[in-house]
Amino acid sequence: MEILSCGSGPCCQVVESKWKLVEKWLNSRQSRFPTVGNRGVYGINTISRCRSVRFHDNKEQQRNFGSLSALEGSKRINCKVYSESYDGYVIGGEEDVTDISGIEESATNVVIPGLPDGSNGESGAPISSCFWEWKPKLNVHYEKAGCENVDSPHVLFLPGFGVGAFHYEKQLKDLGRDTRVWALDFLGQGLSLPFEDPAPHYKEGATSNGNASSWGFGDETEPWAAELVYSMDLWQEQVRYFIEEVIREPVYIVGNSLGGYVALYSAARNPHLVKGVTLLNATPFWGFLPNPTKNPGLAKFFPWAGTFPLPANVRRLTELVWEKISDPTSIAEVLKQIYADHSTNVDGVFSRIIETTRHPAAAAAFASIMCAPQAELSFSEVLSRCRQNNVPICLMYGKEDPWVRPLWGLQVKKQVPEAPYYQISPAGHCPHDEVPEVINFLLRGWIRNLESHGSISLPLLDELDCLKNADARELEFIREGSRKLVTVRFFGSRFSLWDWIRSYINPRSKLRNLAAKSQ
């Protein structure tokens, strides 16, 4: 193992655009793309000070406030405020007064800290971007923050498909102020794509239709890539060795989508390395082809399963598919689909995804991932193993996810009834990026609960009855000077189908009423 390099995170030079960059991509394919260089920490401030890139519907109905102090200085009904030290205290008492937005509310509102954006004198933790040579020619990119917090636990974030460590920037900068935080790029994704062609063209004049992105489309495989397949089992092994050789201490793992499956898989295989797992809209399945270890007879019918070089027929199909899915228009449409709140700033995510698609190995890596065999253990099996090994699990799911719908979170909750389940609305497939204030608040609370062996209660649970029943809270925070309100419903051990149905009825009607009153 060797740490190749470690420095400040890459700064993403955001595309110059009008207000609606994504809409611009939907109407035109001509634009300039960002570049990456060592120009300082790639952070929230860098992006927000550029012209903002958002999915705008021109229907924002939020009130502006200067800082959290504006909220703290106002009386509210049964309102609890969590200070920056993350210890709660109650303000406003039980008086029947009108809250700061002018709307009468009977439900308990919890005011939580916003992100450190410099507007109130707070700055996020600096992020370091590093490379680790796991195996010859297999260089893993990762980012870290908060290494100076030597007495705090380690938290490792695993990304979803098509993104990387950059998708957890808001966690690194915020949680890195009091926790040792790491974020990993899976091999074959992000900046963990190879530095060399795994299957170069040796035949004279052999190219992939003149396409510059043709690594892996050659004739023979390089020795270092002879057994390379970008699969679930490879990523699980990558996580294991990263913890053992780089972090060198047990960690809490947080995974979104694909990263959630890998997080559970890693914990099931190596429970001694994992202190707990948090699932953020985890995908419950991955891969189409049978696993050769689990189903050797069936696997024989599929002679190619993601290895290099790609067969000729697979190359042609990959080129056709890749041309479509790597198009900026398609990427913009996907982002618009999976983010429930279209006012969310997605310029950084959009730019970094575009950057990854331009890597010469990206197309072949995509083909390998799509045709790699399934994991040796299914999602249900790794979940059962984690429970058998007493690995703590926490569920945080965006309610409006069009891909991993709440039904999948419900299935996980049924299999692990003791796991805290927080359903967040409005939030889509990537709640950590869409409502990072909420995810960071819940993560801090859950980890504190485990580290204190239960002496500190779970976040939002101040009464023991809440541990068994479904309970909802309105979480309030300030983002870019505007007041944001998010509903978080906790499902306890007495969770029932009716609780799930009720979670769809009450919050929606209440949010409609609040919106009507604010007009």
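The model shown is predicted, which means the values in this text are computed figures rather than measured ones.

**Student:** So what exactly am I meant to see when it comes to the overall build of the protein here?
**Tutor:** Of regular secondary structure, the protein possesses 16 helices and 16 strands. In the protein, which comprises 519 residues, the proportion classed as buried is 56%. A separation of at least 24 residues holds for 75% of the contacts in the protein among residues at least 6 apart in sequence. If you sum the accessible surface of the protein, you get close to 22200 Å²; carbon and sulfur atoms cover 51% of it.

**Student:** Would you take a moment to explain helix H15 (residues 436-451) for this structure?
**Tutor:** Think of an α-helix as 3.6 residues a turn; residues three or four steps apart then line up on the same face. Between its first and last C-alpha, H15 extends 22 Å over 16 residues, near the 22 Å set by a 1.5 Å rise per residue. Among the 16 residues in H15, 13 count as buried, and that is most of the element. Following H15 by one or two positions, His453 has its phi on the positive side, about 55°.

**Student:** How should the environment of Phe491 be read in this particular structure?
**Tutor:** With respect to the element layout, Phe491 can be found in strand E16 (residues 482-491). Under the relative-accessibility criterion, Phe491 is labelled buried at 0%. Between the C-alpha atoms of Phe491 and Leu395, which are 96 residues apart in sequence, the distance is 9.8 Å.

**Student:** Which parts of the structure should I look at to understand the packing of helix H8 (residues 312-325) against helix H11 (residues 362-371)?
**Tutor:** Pairs of packed helices are described in terms of their axes, by the angle between the two and the distance that separates them. The interhelical angle for the contact between H8 and H11, taken along N-to-C directions, is 110°, at an axis separation of 10 Å. The angle between H8 and H11 falls in the class roughly perpendicular. Along its contact with H8, which presents Thr318, Val321, Trp322 and Ile325, the element H11 presents Ala362, Ala363, Phe366 and Ala367. Looking at the contact of H8 with H11 residue by residue, the class counts come to 7 nonpolar, 1 polar and no charged.

**Student:** What's the story with the pattern of salt bridges in this structure? I'm lost.
**Tutor:** Two side chains carrying opposite charge are able to pair once their charged atoms lie near each other. Under the definition given, this model contains 17 salt bridges. Here Glu237 and Lys135 are joined by a salt bridge, their closest N and O atoms 3.9 Å apart. On the criterion of sequence distance, the pair formed by Glu237 in helix H5 (residues 232-247) and Lys135 in strand E7 (residues 128-135) is long-range, its members being 102 residues apart. For Glu237, a relative accessible area of 26% corresponds to the partly exposed category. Arg444 is the salt-bridge partner of Asp174, the closest N and O atoms lying 3.2 Å from each other.

**Student:** How should the confidence of the model for the protein be read in this particular structure?
**Tutor:** Parts of the model with low pLDDT should not have their predicted coordinates read in detail. Residue-level pLDDT values for the protein average 79, and 70% of them are 70 or greater. Counted against residues more than four places away or in other chains, residues 207-212, with its pLDDT under 50, gives 7 contacts. Counting interchain partners and residues more than four positions distant, the pLDDT-below-50 stretch residues 514-519 has 9 contacts.

**Student:** I would appreciate a short explanation of the side chain of Asn291 in the present structure.
**Tutor:** Within the secondary structure layout, Asn291 lies in the loop between strand E12 (274-280) and helix H7 (296-299). The class for Asn291 is buried, based on a relative accessible area of 4%. Polar side-chain contacts of Asn291 include one of 3.1 Å to the backbone nitrogen of Lys294. Asn291 has contacts with Asp233, Pro296, Ala299, Pro373, Gln374, Ala375 and Glu376, leaving out every residue within four places of it along the chain.

**Student:** When you look at unusual backbone geometry in this model, what are you seeing that I'm missing?
**Tutor:** Glycine aside, negative phi is the norm for most residues, and most peptide bonds take the trans geometry. Here Phe308 and Pro309 are connected by a cis peptide whose omega angle stands at 0°. When you line up the elements, Pro309 lands in the loop between H7 and H8. A cis amide bond links Ser425 with the next residue in sequence, Pro426, at an omega value of 0°. As for its placement among the helices and strands, Pro426 is situated in the loop between strand E14 (421-425) and helix H14 (431-434). One non-glycine residue, Lys137, lies in positive phi territory at about 75°. On the secondary structure map, Lys137 appears in the loop between E7 and strand E8 (138-145). The backbone phi angle of Asn390 is positive, close to 60°, even though this residue is not glycine.

**Student:** When you look at the packing of aromatic side chains in this model, what are you seeing that I'm missing?
**Tutor:** For any two aromatic rings, the description comes down to two numbers: the centre-to-centre distance and the angle of the planes. Taken as a whole, this structure holds 20 aromatic pairs when the rule is applied. When the ring of Tyr142 is compared with that of Trp182, the centres are 6.0 Å apart and the planes differ by 35°; the resulting orientation is tilted. Note that Tyr142 is positioned in strand E8 and Trp182 in strand E10 (residues 180-184), a separation of 40 residues in sequence. The exposure classification of Tyr142 matches that of Trp182, with both residues buried. Geometrically, the ring pair formed by Tyr397 and Tyr421 is edge-to-face, given 5.7 Å between the ring centres and 85° between the ring planes. With a gap of 24 residues between them, Tyr397 in strand E13 (residues 393-398) and Tyr421 in strand E14 connect regions that are remote in the sequence. Assessed through its relative accessible area of 1%, Tyr397 is described here as buried. Connected via pairs of aromatic rings, a cluster forms that spans Trp132, Trp134, Tyr142, Trp182, Tyr241 and Phe242.

**Student:** Please explain the pairing of strand E15 (residues 471-479) as it appears in this structure.
**Tutor:** Counting buried positions along E15 yields 7 of 9 residues, so the element is predominantly enclosed. As paired strands, E15 and E16 are joined by 9 bridges and run antiparallel to one another. Counterpart to Arg479 in the pairing with E16 is Ser482.

What counts as what
- Residues numbered from 1 in each chain as written.
- Predicted model: local features only at pLDDT ≥ 70, side-chain atom pairs only at ≥ 80, totals over all residues.
- Heavy atoms only, no water.
- Helix = DSSP H or I, 4+ residues; strand = E, 2+ residues; numbered from the N terminus.
- Buried < 20%, exposed > 50% of the residue type's maximum accessible area, 1.4 Å probe, protein only.
- Contact = heavy atoms within 4.5 Å.
- Areas by Shrake-Rupley, 256 points an atom, 1.4 Å probe, with all protein chains shown as cover.
- Expected span 1.5 Å × (residues − 1).
- Axes fitted to C-alpha atoms, helices over the stretch in contact; angles between N-to-C directions.
- Parallel < 35°, antiparallel > 145°, perpendicular 65-115°, else oblique.
- Nonpolar A, V, L, I, M, F, W, Y, C, P; charged D, E, K, R; others polar.
- Salt bridge = Lys/Arg side-chain N within 4 Å of Asp/Glu carboxyl O.
- pLDDT = per-residue confidence, 0-100.
- Polar contact = N/O pair within 3.5 Å; in protein donor to acceptor, adjacent residues only side chain to side chain.
- Phe/Tyr/Trp six-rings, centres within 6.5 Å; stacked < 30°, edge-to-face > 60°.
- Pairing = 2+ DSSP bridges.

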